[in-house]
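What follows is the residue order along each chain.
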Amino acid sequence: AQSVTQPDIHITVSEGASLELRCNYSYGATPYLFWYVQSPGQGLQLLLKYFSGDTLVQGIKGFEAEFKRSQSSFNLRKPSVHWSDAAEYFCAVGLLLSGTYKYIFGTGTRLKVLA
Amino acid sequence: DTAVSQTPKYLVTQMGNDKSIKCEQNLGHDTMYWYKQDSKKFLKIMFSYNNKELIINETVPNRFSPKSPDKAHLNLHINSLELGDSAVYFCASSQRGGVRYEQYFGPGTRLTVT
C-alpha cells in the first residue's frame with residue numbers, strides 16, 4: 001500500500017543550526033511530492049513541491065528539499081534555523097491510483113528550536 | 001483578505017447533536033477538500049469537490065455529509081456526533097483537481113464532542 005513515512009516525531013535544534021527532516025514514500029512510480037508547515041493553531045502552508053526535473057528544489061523561508069529516487073526520499077533541509085521555524089512539518093505525496101488522485105500525508109515532525 | 005476561511009473556529013457540543021462547519025474560498029479555485037486531523041496530528045482527506053461535484057469520498061461514516069452550494073463554498077454537516085469525531089477539521093482548496101496543484105488550507109475548526 002502507498003504510504004508516507006516521517007521517521008522523526010520530534011526534532012530539537014538550536015537556533016542557527018542546520019536542519020534536515022526526513023521523508024520516505026512507498027509508491028511504484030515517482031509521485032508528486034510536497035512539504036507543508038503548520039504553525040500552532042494555523043492551517044498548513046506549502047513550503048515547496050517537486051514534480052520533475054532538478055532534484056533539488058527551493059522553497060519559501062529558506063527551505064530546500066532533495067528528491068532521491070533510489071532512496072524514495074524527499075528530505076527537507078535548512079542551513080540555519082530561526083526560532084520562528086518552530087512548527088509541525090508534513091511531507092505529502094500526490095499520486096494517481098486507478099484513475100483517481102490521492103493525497104497522502106505523513107504523520108508530521110514537530111520541530112522545536114532552542115534559543 | 002483571508003483566502004480560505006472556516007467558521008466556527010471552535011465548536012463544543014454534546015454527543016448525538018448535529019452540527020455544521022462552513023468553508024469559503026475567495027481564490028477562484030475549482031476544487032475544495034475536507035480533512036480531519038486527529039489528536040496525533042494525523043491528517044486524512046475526507047472529501048473533495050470539483051466544481052460542486054464530489055470526486056473523492058474516502059471511507060467516512062455516512063453521518064458526514066459535504067455540501068457544495070457553489071464552487072466557492074464547501075460545508076460539512078455531521079449528524080449524531082460521537083466522541084471519536086473530536087478532531088480539527090481543515091478545509092482546503094486548489095486551483096484544479098489533480099495531484100500537481102498546491103492546496104491552500106483554512107485555519108481549521110476544532111470540534112470537541114463531550
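Please refer to the structure placed before this passage.
### Topic: the overall build of chain A
Assigned secondary structure in chain A consists of zero helices and twelve strands. The linear arrangement of helices and strands in chain A, starting from the amino end, is β-β-β-β-β-β-β-β-β-β-β-β. For a compact globule of 115 residues, the expected C-alpha radius of gyration is about 13 Å, and chain A comes in at 14 Å, within 12% of that figure. By principal-axis analysis of the C-alpha atoms, chain A measures approximately 50 × 30 × 20 Å. For chain A, the proportion of its 115 residues judged to be buried stands at 44%. For chain A, long-range pairs separated by at least 24 residues make up 53% of all intrachain contacts whose partners lie at least 6 apart in sequence.

### Here we look at the nonpolar core
Residue and element names in this part refer to chain A. Counting residues in hydrophobic clusters, the biggest one holds 27 residues, and the most contacted among them are Leu 19, Trp 35, Leu 47, Leu 48, Phe 74, Leu 76 and Tyr 89. Of all the elements in the fold, those that place two or more residues in this core are strand 2 (10–14), strand 3 (19–21), strand 5 (32–38), strand 6 (44–50), strand 8 (64–68), strand 9 (73–78), strand 10 (87–97) and strand 12 (109–114). Per element, the largest residue contribution to this core is five residues, and it comes from strand 10. Apart from the residues within four sequence positions on either side, Leu 47 is in contact with Trp 35, Tyr 36, Val 37, Gly 59, Ile 60, Lys 61, Phe 63, Leu 76 and Tyr 89.

### Side note on the environment of Glu 58 of chain B
Along the chain, Glu 58 of chain B falls in the loop between strand 6 (53–57) and strand 7 (64–70). Between the C-alpha atom of Glu 58 of chain B and that of Lys 44 of chain B, which follows or precedes it by 14 residues, the distance is 9.0 Å. With residues near it in sequence (within four places) discarded, Glu 58 of chain B still touches Lys 102 of chain A together with Lys 44, Ile 45 and Met 46 of chain B.

### Some details on the side chain of Thr 109 of chain B
Inspection of the secondary structure assignment puts Thr 109 of chain B in strand 11 (residues 109–113). When sequence neighbours within four positions are dropped, the list of residues in contact with Thr 109 of chain B reads Gln 6, Pro 8, Lys 9, Leu 11, Ile 21, Ala 87, Val 88 and Tyr 89 of chain B.

### As for the pairing of strand 4 (residues 31–37) of chain B
Residue and element names in this part refer to chain B. Of all seven residues in strand 4, six are buried; the element is thus mostly enclosed. In terms of strand pairing, strand 4 meets strand 5 (residues 43–50) through seven bridges, oriented antiparallel. Along strand 5, the bridge assignment pairs Tyr 33 with Ser 48. Joining the antiparallel neighbours strand 4 and strand 5 is a turn of five residues, in which Lys 41 adopts a positive phi near 75 degrees. Alignment of strand 4 against strand 9 (residues 87–94), held across seven bridges, turns out to be antiparallel. Among the inter-strand pairings, Thr 31 is bridged to a residue of strand 9, identified as Ser 94.

### Digging into the sheet that holds strand 1 (residues 4–7) of chain B
All names here are of chain B. Pairing in this open sheet of four strands is antiparallel, and the strands run 1-3-8-7 from one edge to the other. Because the sheet does not close on itself, it has two edges, and the strands there are strand 1 and strand 7. The sheet shows a mean angle of 20 degrees between the axes of neighbouring strands, taken without regard to direction. Across four bridges, the pairing between strand 3 (residues 19–25) and strand 8 (residues 73–78) is antiparallel. Following the sheet pairing, Lys 19 is matched in strand 8 by Ile 78.

### Topic: the pattern of salt bridges
Residues and elements named next belong to chain A. Enumeration according to the criterion identifies nine salt bridges over all chains in this entry. When the shortest N-O distance is used, the salt bridge between Glu 88 and Arg 110 registers 3.0 Å. On the criterion of sequence distance, the pair formed by Glu 88 in strand 10 and Arg 110 in strand 12 is long-range, its members being 22 residues apart. The buried category is assigned to Glu 88, whose relative accessible area is 7%.

Thresholds, definitions, all that
Residues numbered from 1 in each chain as written. Chains lettered and ligands numbered in written order. Predicted model: local features only at pLDDT ≥ 70, side-chain atom pairs only at ≥ 80, totals over all residues. Heavy atoms only, no water. Helix = DSSP H or I, 4+ residues; strand = E, 2+ residues; numbered from the N terminus. Rg over C-alpha atoms; globule rule 2.2 N^0.38 Å. Buried < 20%, exposed > 50% of the residue type's maximum accessible area, 1.4 Å probe, protein only. Contact = heavy atoms within 4.5 Å. Core = buried A, V, L, I, M, F, W, Y, C linked by side-chain atoms within 4.5 Å. Pairing = 2+ DSSP bridges. Axes fitted to C-alpha atoms, helices over the stretch in contact; angles between N-to-C directions. Salt bridge = Lys/Arg side-chain N within 4 Å of Asp/Glu carboxyl O.

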